[in-house]
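# An overview of the molecular structure
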Amino acid sequence: MTNRQSFLIAATIALGIMGTVVAVRAQSATEIVLTNVSYDPTRELYRAVNDAFSKHWQSTAGQKVTIRTSHGGSGKQARSVIDGLEADVVTLALAGDIDAIARESKRLPANWQSRLPNNASPYTSTIVFVVRKGNPKGIKDWPDLAKAGVSVVTPNPKTSGGARWNYLAAWAYEVDRTKGDQAAAKKFVEAIFRNVPVLDSGARGSTTTFAQRAVGDVFISWENEAFLILQEFGADKFEIVSPPFSMLAEPPVSLVDFVVDKRGTRKVAEAYLNFLYTPAAQKMIAHNFYRPSKSEGVDAADLARFPKLKLVTIDEAFGGWAKAQAEHFAEGAVFDQIYKPGQGSGRPTR
Amino acid sequence: MHSSSAFSESPAVRWTLIAIAIGFLALFLVLPLIAVFAEALRRGIGMFLEAFAEPDTQAAIRLTLLVSAIAVPLNLVFGLAAAWAIAKFEFPGKSLLITLIDLPFSVSPVVSGLVYVLLFGAKGVLGPTLDDWDFKIIFAVPGIVLATIFVTFPFIARELIPLMQEQGTAEEEAALTLGASGFRTFLTVTLPNVRWALLYGVLLCNARAMGEFGAVSVVSGHIRGLTNTMPLHVEILYNEYNFVAAFAVASLLAALAFVTLGAKSFLEWRHGDALAATRRH
């Protein structure tokens, strides 16, 4: 065989493979497809909910519906929806991110949060501590994180939605304890962040730092993430400490009106969000470590995992996300004043 | 005493250099590669194979194949045309064209992704018009293809230009003098002269097209089973603590790299002379 012949054969085979791939891709589009743009740790939850909803919709409306999900950092996902990612519904980590979509793109109305029960949050969570097995540093409550010699892991509040909750929970604790002393709260949070050896940019990065690289004595985390860490990395290595006082984290959901009206999916998308509040979905929610909004239909064993804590909402403690964001996390705001990169070495420099 | 070529160095120096090079390669290339396969197979071959049974993973593999099946042939045509124009003709703006071809090498992939968001995004220059036509570019397959074409287009042209310049225009001129048409000259003279370099460029282009992360990540939207390519899927699986599946998909990408490397070595060994011109540059 000459060089030229072998080249032609190689080229023909390559084109053949490419043609087959393209042909295989061609698919039918008779069923309804919904896109749910969500944040990082909801994968298992929505996988269960999506299956259940598909069955429910098939039996009640007689239509086949497939739900596609997209996961990523909450802020980044909001940005993508603003830039045109066609989400029928958004299920994000903070109301502030959905507010941003309403403000920047007008794809949903400003009053979105009043359209569904419980501030449009079908499930909630809170902020807890994950410590190493046996709790060697004796961590019980927020003041323990500010003590000298305790190394604290939390992501960067500038980039991570979850980390903002951590920061605000500590702040709210001290304000509550001192009956409203903001200056004391600032000192308290500053002391905690002095104990942070490394600020990862996202919650999953911090989890890896704490669980795999074995950095730090205590990891401040969403409760659902904490349970996931125990499940993935071993309940024999870590334990959860719930402080008596914490924040009620409300991850909200909303329809994206512009998209559902354009695609004609409003009815099924609304049904999907309402489905999240049904006992069937609440059971899955509790099973996936989120706190259900109603205990009806939820397994007692799942419910027993969530200790009763004193929980305050962001509205009660900070007057809403927009205000908290501007006062604490904006350029040059309180967080920038108390945290100076390179200073947090895990060893307090007092 | 004044002949100080590398060959006159003492054996100790030579072996130290070789040891450093091998040690470096082992530490930074071989070890991580072994780690990928070790992690993928940590819970046995069953779990490894299960990772590929997942529909989302299959969709990611299909999408990656589709994207490179579109991007590589387009870049092949573009690369050939550009290399031919540059090597065989003189025209104003030629050096500008060469610089532009190199642009994707010097621009961060994230920026090349963002460019498309700024152009085709809902708030971008062309976004509203596209929305009226109900034609999706970013957060859909066309955007991923565009971003991939952008980051991979220098590969084939860069491979061909030095070789074609070296070969000059004498053979083409002879063919034309003998009465062949321009197209026939291209098919029977130009193309056979560069075929192995072309294939080599296609291989490199394909490897990058399948492995591209940054630019694709920006325009993908990360919808599972729809706009997730293999590299993006690896990241998502990893972030979900699904380490076995993440490394299983990663090992498939690594295997692709091995195939590319093997094919590349074969070409160099079998058709070294045809590629020699390229290598000299």
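Residues numbered from 1 in each chain as written. Chains lettered and ligands numbered in written order. Predicted model: local features only at pLDDT ≥ 70, side-chain atom pairs only at ≥ 80, totals over all residues. Heavy atoms only, no water.

Turning next to the overall build of chain B. From N to C terminus, chain B includes 14 helices and 0 strands. For chain B, the N- to C-terminal ordering of α and β elements is α-α-α-α-α-α-α-α-α-α-α-α-α-α. Principal-axis analysis of the C-alpha atoms places the extent of chain B at approximately 65 × 60 × 35 Å. A total of 281 residues make up chain B; the buried ones form 43% of that total. Sequence-distant contacts, at least 24 apart, represent 71% of the contacts inside chain B between residues at least 6 apart. Entry remark: accessible area of chain B is about 14,400 Å², with carbon and sulfur atoms responsible for 71%. In chain B, the 17 positive side-chain charges and the 20 negative ones have mean positions that sit 5 Å from each other. (Helix = DSSP H or I, 4+ residues; strand = E, 2+ residues; numbered from the N terminus. Buried < 20%, exposed > 50% of the residue type's maximum accessible area, 1.4 Å probe, protein only. Contact = heavy atoms within 4.5 Å. Areas by Shrake-Rupley, 256 points an atom, 1.4 Å probe, with all protein chains shown as cover. Lys, Arg positive; Asp, Glu negative; His and termini not counted. Charge placed at Lys NZ, Arg CZ, Asp CG, Glu CD.)

With 35 residues of chain B at the interface, the matching set in chain A holds 37 residues. In total, about 3,400 Å² of surface goes out of reach between chain B and chain A, with carbon and sulfur atoms giving 57% of it. Applying the counting rule to chain B against chain A returns 3 salt bridges. For the interface between chain B and chain A, the tally reads 7 residue pairs in polar contact (both at pLDDT 80 or more). If you tally residues by element for the side of chain B that touches chain A, the top one is helix α3 (residues 55–88) of chain B, at 6 residues. Looking at the side of chain B that touches chain A, its residues break down into 17 nonpolar, 8 polar and 10 charged. (Buried area = accessible area lost by both parts, 1.4 Å probe. Salt bridge = Lys/Arg side-chain N within 4 Å of Asp/Glu carboxyl O. Polar contact = N/O pair within 3.5 Å; in protein donor to acceptor, adjacent residues only side chain to side chain. Nonpolar A, V, L, I, M, F, W, Y, C, P; charged D, E, K, R; others polar.)

Turning our attention to the packing of aromatic side chains. Residue and element names in this part refer to chain A. Tallying each qualifying case throughout the model produces 35 aromatic pairs over all chains. Note on Tyr-167 and Phe-335: the rings are 5.9 Å apart at their centroids and 75° apart in plane angle, and the pair reads as edge-to-face. Highlighted residues: Tyr-167 in helix α7 (residues 161–177) and Phe-335 in helix α17 (residues 334–338), separated in sequence by 168 residues. Both residues of the pair, Tyr-167 and Phe-335, count as buried. The side chain of Arg-164 reaches across the aromatic face of Phe-329, ending 5.8 Å from its centre. Over the aromatic face of Phe-227 sits the side chain of Arg-305, whose NZ or CZ is 5.5 Å from the ring centroid. (Phe/Tyr/Trp six-rings, centres within 6.5 Å; stacked < 30°, edge-to-face > 60°. Lys NZ or Arg CZ within 6 Å of the ring centre and 35° of its normal.)

Relative to the elements of secondary structure, A:Gly162 occurs in helix α7. For the pair A:Gly162 and A:Trp222, spaced 60 residues apart in the sequence, the C-alpha separation amounts to 7.0 Å.

The subject of this paragraph is the nonpolar core. Ranked by size, the top nonpolar core spans 112 residues in total, and within it A:Phe53, A:Val90, A:Trp142, A:Leu145, A:Trp165, A:Tyr167 and A:Tyr272 carry the most contacts. Here this core gets 9 residues from one element, more than from any other, and that element is α7(A). Not counting residues within four places of it along the chain, the set of residues in contact with A:Trp142 comprises A:Ile127, A:Phe129, A:Asn166, A:Ala169, A:Ala170, A:Tyr173, A:Phe188, A:Ile192, A:Ile220, A:Pro243, A:Phe245 and A:Ser246. Ranked by size, the runner-up nonpolar core spans 22 residues in total, among them B:Leu160, B:Ile161, B:Leu191 and B:Val194. (Core = buried A, V, L, I, M, F, W, Y, C linked by side-chain atoms within 4.5 Å.)

A few words on the pattern of salt bridges. Residues and elements named next belong to chain A. The tally for this structure, following the rule as stated, stands at 30 salt bridges over all chains. A salt bridge links Glu-174 to Arg-177, with the nearest nitrogen and oxygen atoms 2.8 Å apart. Of this pair, Glu-174 and Arg-177 both sit in helix α7, separated by 3 residues, roughly a single helical turn. Between Asp-261 and Arg-266 there is a salt bridge; the shortest N-O distance is 2.9 Å. Connected through shared salt-bridge partners, Arg-115, Asp-257, Asp-261, Arg-266 and Glu-270 make up one network.

What follows concerns the confidence of the model for chain B. For chain B, mean pLDDT is 85; residues scoring 70 or higher make up 94% of the total. Helix α7 (residues 141–152) of chain B holds the highest mean pLDDT among the elements of chain B, 92, whereas helix α14 (residues 272–280) of chain B holds the lowest, 57. (pLDDT = per-residue confidence, 0-100.)

For the rest of this paragraph, the subject is the confidence of the model for chain A. Residues and elements named next belong to chain A. Looking at chain A as a whole, the pLDDT averages 86, with 89% of positions reaching at least 70. Contacts from residues 19–29, a stretch scored under 50 in pLDDT, to residues over four places away or in other chains number 7 contacts. With pLDDT under 50 throughout, residues 344–350 is counted as low confidence; its partners more than four residues away or in other chains account for 18 contacts.

With that settled, the discussion passes to the domain arrangement of chain A. Note on interface size: it is often stated as the accessible area lost on association of the parts. All names here are of chain A. When the domains of chain A are assigned, the result is domain 1 (32–121 + 251–277) and domain 2 (124–249 + 306–338). Each of domain 1 and domain 2 has a C-alpha centre, and these two points are 28 Å apart. In this assembly, 8 residues from domain 1 lie in contact with 11 residues from domain 2. Looking at the side of domain 1 facing domain 2, the largest losses of area belong to Pro-41, Leu-94 and Pro-251, adding up to 55% of the total buried there. Taken together, domain 1 and domain 2 are joined by 0 salt bridges. (Domains from an automatic or database assignment.)

Residue and element names in this part refer to chain A. With respect to the helices and strands, Thr-209 occurs in helix α9 (residues 203–212). On the accessibility criterion, Thr-209 (1% relative accessible area) is buried. Engagement of the side chain of Thr-209 in a polar contact is seen with the side chain of Asp-200, the distance being 2.6 Å. Here Thr-209 is in contact with Val-198, Asp-200, Ala-214 and Val-215, once residues within four sequence places are set aside.

Another aspect to go through is the environment of A:Glu239. Residue and element names in this part refer to chain A. Mapping Glu-239 onto the fold places it in strand β7 (residues 238–241). We classify Glu-239 as partly exposed; its relative accessible area is 25%. Sequence separation between Glu-239 and Asn-135 is 104 residues; the distance between their C-alpha atoms is 7.4 Å. Discounting chain neighbours no more than four positions away, the residues touching Glu-239 are Phe-129, Val-130, Val-131, Arg-132, Lys-133, Gly-134, Asn-135 and Leu-230. Of the polar contacts made by the side chain of Glu-239, one reaches the backbone nitrogen of Gly-134; its length is 2.8 Å.

Moving on to α9(A). Burial in α9(A) covers these residues: A:Arg204, A:Ser206, A:Thr207, A:Thr209, A:Phe210 and A:Ala211. Where α9(A) is buried, its residues meet β4 (123–132), β5 (152–153), β6 (218–222), α10 (223–233) and β7 of chain A together with α12 (230–239) of chain B. Directly after α9(A), the chain includes A:Ala214, whose backbone phi takes a positive value near 55°.

All names here are of chain A. The strand order β2-β1-β3-β9 describes an open sheet built from 4 strands, whose pairing is mixed. Two strands lie at the open edges of the sheet, namely β2 (65–70) and β9 (253–255), each paired on one side alone. Ignoring strand direction, the axes of neighbouring strands in this sheet form an average angle of 20°. In this structure, strand β1 (residues 32–38) lies alongside β2, joined through 6 bridges in parallel fashion. Paired with Leu-34 across the bridge in β2 is Ile-67. Against the sheet, helix α2 (residues 43–61) engages β1, β2, β3 (89–91) and β9, with an angle of about 160° to β2. (Pairing = 2+ DSSP bridges. Axes fitted to C-alpha atoms, helices over the stretch in contact; angles between N-to-C directions.)

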